[in-house]
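Residue strings, one per chain:
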Amino acid sequence: MLKNYLWVNDGNIKVAFTEKDRKFAKETSAGLKKAIKLLSKYFLLKKIFPPVRAVLVPNRKEYDRLVKGLLKVDIEQPSDPSRIAQPQRTDLVLLAPFAYSTDSIYKYSAREYKRLLVHEATHMFEEYLSPNMETSPRWWGEGLAVYISEQWKYEDEFIPPVIEGIRNKNIPTIKEIQKSVKLAYRWGWTIVKYIEHLYGQKMILNIVINCDDGNVIKITGKTIKDFERGWKKYLQNEKGFWEFM
């Protein structure tokens, strides 16, 4: 499956790549190492996270082949150009940045690439810590990854839709976010941010390690109605919500 790939090994990180992607292999290895250190601290992990294997693929066709063949993740073929990374357990398939211009909707940015690696590593940590990853709502998993990676602070696909929704009084309900892939990506991180604001980082960890039925809100001790009311009030207080700016 990976017989034509070269490898970079750095402790618990292994990165497979083709020759033209050697530069990005080193960048990927370093980025994942930093991501695992950051996430181990965030999730209060007392033991070493399992070894991680990443594969930098040179094109969309190879991306689809390995996501399906190596990760055993069902994927449409050809996959959508917006898909550039797929984790499964402690394996990660990445479209190499050299292929972005032809096989994706993105342009390469070193800073965005580092955030992407934190995003994908967050999914790995959630799967590692979760009692039942299959029940984890998409909005929670993606929201967690967008929030911890800080993509929400800097990347246009996350900030403008939320600002527009807040200012136009068009904030979706949590039920709507649960049902929509697009809304899960755009709004999920705001719910995670609110939970951490209200209860602290330990509540995030509590949800990750104890939520076995997908009912994230129940673990906060609030009804969905009360939680949603507080979340929307928090969003509408723009000064507080955008205090980082």
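All residue numbers refer to positions counted from 1 along the written sequence of the respective chain. Reporting in this predicted model follows two pLDDT cut-offs: at least 70 for local features of residues, and 80 or more for side-chain atom pairs to be given and counted; totals over whole chains, interfaces and linings ignore these cut-offs and use all residues. Computation of side-chain values covers all heavy atoms of the structure but excludes hydrogens and water.

### Here's the deal with the overall build of the protein chain
Numbering of helices and strands runs from the N terminus, with a helix taken as a DSSP run of H or I at least four residues long and a strand as a DSSP run of E at least two residues long. When you go through the protein chain residue by residue, the secondary structure sums to 13 helices and five strands. The C-alpha atoms of the protein chain give 18 Å as radius of gyration, which agrees with the globular expectation for 245 residues (18 Å, within 12%). Dimensions of the protein chain, computed from C-alpha atoms along their principal axes, come out at roughly 55 × 40 × 35 Å. Whether two residues touch is decided by their heavy atoms; if any such pair falls within 4.5 Å, the residues are in contact. For the protein chain, the proportion of contacts with a sequence separation of at least 24, taken over those separated by at least 6, is 63%. Each accessible area value is a Shrake-Rupley result obtained with a 1.4 Å probe; residue values ignore everything except the protein chains displayed when judging cover. For the protein chain, the exposed surface amounts to about 12800 Å²; the carbon and sulfur share of it is 50%. Here Asp and Glu are counted as negative and Lys and Arg as positive; His is not counted, and neither are the chain ends. In this description, the location of a charge corresponds to atom NZ of lysine, CZ of arginine, CG of aspartate or CD of glutamate. Here the protein chain contributes 41 positive and 30 negative side-chain charges, whose respective centroids are spaced 3 Å apart. The globule rule used here is 2.2 Å times the number of residues to the 0.38 power, and the radius of gyration it is set against is calculated over C-alpha atoms.

### Looking at the pattern of salt bridges
Pairing of side chains with opposite charge becomes possible as their charged atoms draw close. We count a salt bridge whenever a side-chain nitrogen from Lys or Arg sits within 4 Å of a carboxyl oxygen from Asp or Glu. Counted by the stated rule, this structure contains 10 salt bridges. A salt bridge links Arg 65 to Glu 62; the nearest nitrogen and oxygen atoms lie 2.8 Å apart. Here Arg 65 and its partner Glu 62 are both found in helix H2 (residues 60-69), three residues apart, which amounts to about one turn of the helix. When accessible area is computed with a 1.4 Å probe and restricted to protein chains, residues below 20% of their type maximum are described as buried, those above 50% as exposed, and intermediate ones as partly exposed. You can call Arg 65 partly exposed: its relative accessible area is 37%. Across the salt bridge formed by Arg 83 and Glu 76, the nearest N and O atoms sit 3.3 Å from each other. A residue is classified by how much of its surface remains accessible, and Arg 83, at 23% relative accessible area, is partly exposed.

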